[in-house]
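An overview of the molecular structure
If you want the building blocks of each chain, they are given just below.
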Amino acid sequence: MLYQANSLALSDTAQMWLVDRPIDIAVYVVIAFVLRFALHRAIDRATKERPGTEPRLLVPLKERLPAGVRDSVAAQRRAQRARTIGSVLKSVVSIATLTWCVLQILTVFSVNVAPLIASAGVVGVALGFGAQNLVRDFLTGMFMLLEDQYGVGDVIDVGEAVGTVESVGLRVTTIRDVNGTLWYCRNGEIARVGNMSQGHAVAVVDLPVAHGAAISRATEVAAAAASAAAQDTTIEDAVLGEPEVLGVNSVTATSVTLRLTVKVKPGKQWAVQRHLSQAILTAFDENGIALADALRTVAQT
């Protein structure tokens, strides 16, 4: 009877180690892989851009693209934003499912996972303190993407670097300035961003005229010249409103400065400014309106 009992106990142990526990482990592994695959498929569908529509992941998020603008730069910006967010979500899902699977397998082997979880928390805090700059860069990059603060093709001012955004990552943003220098800006170090390419822009033209010039006549000529120039085929598509002369903006010892503004598409303000300035200077010369000496010297050169 004792021999039969030992044989039965041995059979139960073999059953547990050779059948029950391997089956439990296989079930947990399969569940983890199926869950990961399903969540990744859902993320891919949410971040995939279909013709004529934007990724579904971005629908609940605030999009700051100009009304009616659907060019290649805007499409690239949306696609990059969706891909980056999707990549982060996939990494989070993979880490979460792998961690859950490992903990369940340890539980199958009757391992107390509570101390491991506590130790992981301590290690995570230590790593967080040691790599806090890296963590801050990643968190700031995520919020920049979620809030759509800027994107590829935008002209932004982040302090020392002012130029066109060439790439947006979770850790680094690259900016090409007007001199061709490529700036690598850590997201965590960007305290404030001035975006010149969202919604609309305003072209501002300052016109210094001589003190002896008739201000009312100069205002009329500038308004007429700007309105005619705004209808030129060169900048017509970029102009969103009627040019408006605001009046005298400043008075100095050498000149009286008139200010003119016009609402334009983002990124087009500088081209419109140059075109309007040339047209108004020509109109001033034709109507005998005296310019400030410094402006006339620049115009003649």
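Now for a look at the structure at hand. The shown structure was predicted, so the numbers you read here are calculated from the model rather than taken from an experiment.

Let us look at the overall build of the protein. Per the secondary structure count, the protein includes seven helices and eight strands. For the protein, long-range pairs separated by at least 24 residues make up 63% of all intrachain contacts whose partners lie at least 6 apart in sequence.

Further remarks concern the pattern of salt bridges. For side chains bearing opposite charge, pairing can occur when the charged atoms are close. Inspection of the entire model under this criterion finds eight salt bridges. Residue aspartate 157 is joined to arginine 192 by a salt bridge in which the shortest nitrogen-to-oxygen separation is 3.4 Å. A residue pair is termed long-range when its members are at least 10 positions apart, and aspartate 157 in strand 1 (residues 155–157) and arginine 192 in the loop between strand 4 (182–186) and strand 5 (194–195) qualify at 35 residues. Classification of aspartate 157 by relative accessible area gives partly exposed; the value is 22%.

This part is about the nonpolar core. With 30 residues, the main nonpolar core has Val272, Leu276, Ile280 and Phe284 as its most contacted residues. Every element with two or more residues in this core is listed here: strand 6 (201–209), helix 5 (215–230), strand 8 (256–264) and helix 6 (269–286). With seven residues, helix 5 is the largest single contributor of residues to this core. Judged by nonpolar contacts, the second largest core, of 15 residues, contains Val88, Met144, Ile156 and Cys185.

Let's shift gears to the packing of helix 5 against helix 6. For any two helices packed against each other, one specifies the inter-axial angle together with the distance between the axes. It is the contact of helix 5 with helix 6, at a shortest axis distance of 9 Å, that shows an interaxial angle of 135°. Our classification of the angle between helix 5 and helix 6 gives oblique. Like other packed secondary-structure pairs, helix 5 and helix 6 cross with a definite hand, here right-handed. In this structure, helix 5 uses Ala218, Val221, Ala222, Ala225, Ala226, Ala229 and Ala230 to contact helix 6, whose residues at the interface are His275, Leu276, Ala279, Ile280, Ala283 and Phe284.

Each α-helix turn comprises 3.6 residues. Residues three or four places apart therefore point the same way. Over its 16 residues, helix 4 (residues 132–147) runs 22 Å from end to end, which matches the ideal 22 Å to within 8%, given 1.5 Å per residue. The first or second residue beyond helix 4 is aspartate 148, which carries a positive phi of 55°.

Relative to the helices and strands, leucine 103 resides in helix 2 (residues 72–108). Sequence spacing of leucine 103 and valine 113 is ten residues, and the spatial spacing of their C-alpha atoms is 6.7 Å.

It is worth spelling out the sheet that holds strand 1 at this point. Strand order in this open sheet of five strands is 4-3-2-1-5, and the pairing throughout is antiparallel. The two strands at the open ends of the sheet, each matched to only one other strand, are strand 4 and strand 5. Sheet topology places strand 3 (residues 172–177) next to strand 4; five bridges connect them, and they run antiparallel. Bridge pairing in strand 4 links arginine 176 to leucine 182.

Right, let's get into the sheet that holds strand 7 (residues 244–251). Strands sit in the order 6-8-7 across an open sheet of three strands; the sheet is antiparallel. Two strands lie at the open edges of the sheet, namely strand 6 and strand 7, each paired on one side alone. Direction aside, neighbouring strands of the sheet carry axes that sit 25° apart on average. By the bridge criterion, six bridges tie strand 7 to strand 8 in an arrangement that is antiparallel. Bridge pairing in strand 8 places glutamate 244 opposite threonine 261. Strand contacts of helix 5: strand 6, strand 7 and strand 8, with the helix running at about 25° to strand 8, the strand carrying the most contacts. Against the sheet, helix 6 contacts strand 6 and strand 8, and its axis sits at roughly 30° relative to strand 6.

Rules used in this analysis
- Residues numbered from 1 in each chain as written.
- Predicted model: local features only at pLDDT ≥ 70, side-chain atom pairs only at ≥ 80, totals over all residues.
- Heavy atoms only, no water.
- Helix = DSSP H or I, 4+ residues; strand = E, 2+ residues; numbered from the N terminus.
- Contact = heavy atoms within 4.5 Å.
- Salt bridge = Lys/Arg side-chain N within 4 Å of Asp/Glu carboxyl O.
- Buried < 20%, exposed > 50% of the residue type's maximum accessible area, 1.4 Å probe, protein only.
- Core = buried A, V, L, I, M, F, W, Y, C linked by side-chain atoms within 4.5 Å.
- Axes fitted to C-alpha atoms, helices over the stretch in contact; angles between N-to-C directions.
- Parallel < 35°, antiparallel > 145°, perpendicular 65-115°, else oblique.
- Left-handed = near helix turned anticlockwise from the far one by under 90°.
- Expected span 1.5 Å × (residues − 1).
- Pairing = 2+ DSSP bridges.

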